[in-house]
Amino acid sequence: MTETPLPQRRRTPAAGDPAVTAATAARARTELATGILMALVPCSAETARRLLQAAAEEAGTTPQESAGAAVALLSGQDGPTPVQEALRTAMRRARSGPEQGAGARLLPRPDVLREHVARFRALRREVLAAPGDLALQRALDDAVYTLCVMMGRRTPHDALKAAETLAGAQQQPSQDDGDA
């Protein structure tokens, strides 16, 4: 009777391995930076990751270094670095989307619009307080998408401006009626 050799177990890197620790830290920093950009720009998670990539390319560095610059930007660490300047430029570009012509569209009810803008602002504050929280990032991502659809705008920044303008214009007459 011959013994069959046991299959060799694949060796997985240990949790204490410096390469694993560095990769985990880089991934966490990227998720943190994604949340920060989602709240600051505002934008979706996908757009935030593209902004990190664009800033890295413009500064001639890695996306991980760009993520570190985003975290430093929020915490107010260090002076402006070339990576932070590239990140600010990418953020400005994201805020200024393509021009949209005025078209006929249905506008949301004022109470629904004000409720959604308030929810969006609350989520934005929560993500800034805990930018690494993936559940909050997903909730903000949904709120950004819904705001863009409600306002018929391509960029969240434009949608938020339009919603605030519209909510303010719709709220004014009711305030004036109560004062008279």
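Fair warning: this is a prediction, and the values are worked out from it, not measured in the lab.

Caption draft 1: Local environment of the overall build of the chain. Summing up its helical and strand segments, the chain has seven helices and zero strands in all. Helices (α) and strands (β) of the chain occur, in sequence order from the N terminus, as α-α-α-α-α-α-α. When each of the 180 residues of the chain is scored for burial, the buried share is 33%. Element-wise, carbon and sulfur atoms account for 54% of the exposed surface of the chain, whose accessible area totals about 11,300 Å².

Caption draft 2: Geometry of the nonpolar core. One finds Leu 87, Leu 113, Leu 140, Leu 147 and Met 151 to be the most contacted residues of the largest nonpolar core, which totals 39 residues. Residue assignment for this core shows that the elements contributing at least two residues are helix 1 (18-40), helix 2 (45-59), helix 3 (63-75), helix 4 (82-95), helix 5 (110-129), helix 6 (134-151) and helix 7 (156-179). The element best represented in this core is helix 6, accounting for nine residues. When neighbours within four sequence positions are excluded, Leu 147 is seen to be in contact with His 116, Val 117, Phe 120, Ala 159, Leu 160 and Ala 163.

Calculation notes
- One numbering rule holds for all chains: residues counted from 1, following each sequence as written.
- Confidence filtering applies because this is a predicted model: local features only for residues at pLDDT of at least 70, side-chain atom pairs given and counted only at 80 or more, and all residues used for totals across whole chains, interfaces and linings.
- Hydrogen atoms and water are omitted, and side-chain values are computed over all heavy atoms in the structure.
- Secondary structure follows DSSP: runs of H or I at least 4 residues long count as helices, runs of E at least 2 residues long count as strands, and numbering of each begins at the N terminus.
- Whether a residue is buried, partly exposed or exposed follows from its accessible area with a 1.4 Å probe, protein chains only, as a fraction of its type maximum: under 20%, in between, or over 50%, in that order.
- Values of accessible area rely on a 1.4 Å probe in the Shrake-Rupley scheme; residue burial ignores everything except the protein chains shown.
- Among buried residues, those of type Ala, Val, Leu, Ile, Met, Phe, Trp, Tyr and Cys that are joined through side-chain atoms within 4.5 Å constitute a nonpolar core.
- Residue contacts are defined here by distance: any two heavy atoms, one from each residue, within 4.5 Å place the two residues in contact.

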